Amino acid sequence: MSAGEAAGGELVSVDFEIFGHVQGVCFRMFTEKEGLRLGLVGWVKNTCSGTVEGQVQGPAGMVEEMKVWLSKEGSPSSRITRASFKNQRSIDKLELSGFKTRF
């Protein structure tokens, strides 16, 4: 039984990009913590254009919760103006492990 089956849902992967005041406000650290709290795997990094991008994978319901968190909450000091999600797809098994900040 895979982690996704144990959590009772299909596994999905989605790429994200978050716009607004999201750099220099611990957004990546809080994203890691929230992803781990929800039992997800993925990565997050700052971009040269001032956004934060990444990928999350896990049970569909938990990924949906993470999408809401990324688009509405973020880190306490962040100001999110827009969240873009793309390439959402079903996956047979997790392709990543842990939740990491990339540089």
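Scroll up a little and you will see the structure.
Residues numbered from 1 in each chain as written. Predicted model: local features only at pLDDT ≥ 70, side-chain atom pairs only at ≥ 80, totals over all residues. Heavy atoms only, no water.

**Q** Please explain helix α3 (residues 60-73) as it appears in this structure.
**A** Residues three or four positions apart in an α-helix share a direction because the helix packs 3.6 residues into each turn. Its 14 residues give α3 an end-to-end C-alpha distance of 19 Å, which sits within 8% of 20 Å, the value for a rise of 1.5 Å per residue. Buried residues of α3: Val-63, Met-66, Lys-67, Trp-69 and Leu-70, and no others. Down the axis of α3, the smallest arc covering the buried residues is 160 degrees, so these residues share one side. In α3, those exposed residues whose orientation departs by more than 90 degrees from the buried face are Val-68, Lys-72 and Glu-73. Each element contacted by the buried residues of α3 is listed here: β1 (11-21), α2 (27-37), β3 (52-59), β4 (79-91) and β5 (99-101). (Helix = DSSP H or I, 4+ residues; strand = E, 2+ residues; numbered from the N terminus. Expected span 1.5 Å × (residues − 1). Buried < 20%, exposed > 50% of the residue type's maximum accessible area, 1.4 Å probe, protein only. Arc of directions from axis to C-beta. Contact = heavy atoms within 4.5 Å.)

**Q** What should I look at first to understand the packing of α2 against α3 in this one?
**A** Describing two packed helices takes the angle between their axes plus the distance from one axis to the other. Between α2 and α3, the shortest axis-to-axis distance is 10 Å and the interhelical angle comes to 160 degrees. Regarding the angle of α2 to α3, the classification is roughly antiparallel. For the pair α2 and α3, the sense of crossing is right-handed. Contacts between α2 and α3 pair Phe-27, Phe-30, Thr-31, Glu-34, Gly-35 and Arg-37 from the former with Glu-65, Met-66, Trp-69 and Leu-70 from the latter. (Axes fitted to C-alpha atoms, helices over the stretch in contact; angles between N-to-C directions. Parallel < 35°, antiparallel > 145°, perpendicular 65-115°, else oblique. Left-handed = near helix turned anticlockwise from the far one by under 90°.)

**Q** So what exactly am I meant to see when it comes to the side chain of Ser-75 here?
**A** As for its position among the elements, Ser-75 is in the loop between α3 and β4. At 2.7 Å, the side chain of Ser-75 forms a polar contact with the backbone oxygen of Val-25. Apart from the residues within four sequence positions on either side, Ser-75 is in contact with Val-25, Cys-26, Phe-27, Phe-30 and Trp-69. (Polar contact = N/O pair within 3.5 Å; in protein donor to acceptor, adjacent residues only side chain to side chain.)

**Q** Sorry, what's going on with α2 here?
**A** Taken together, the buried positions of α2 are occupied by Phe-27, Thr-31, Glu-34 and Gly-35. Buried residues of α2, viewed axially, fall in a sector of 100 degrees; they line one side. The outward face of α2, more than 90 degrees from its buried face, is lined by the exposed residues Lys-33 and Arg-37. Those residues of α2 hidden inside the fold are in contact with β1, β2 (41-46), β3, α3, β4 and β5.

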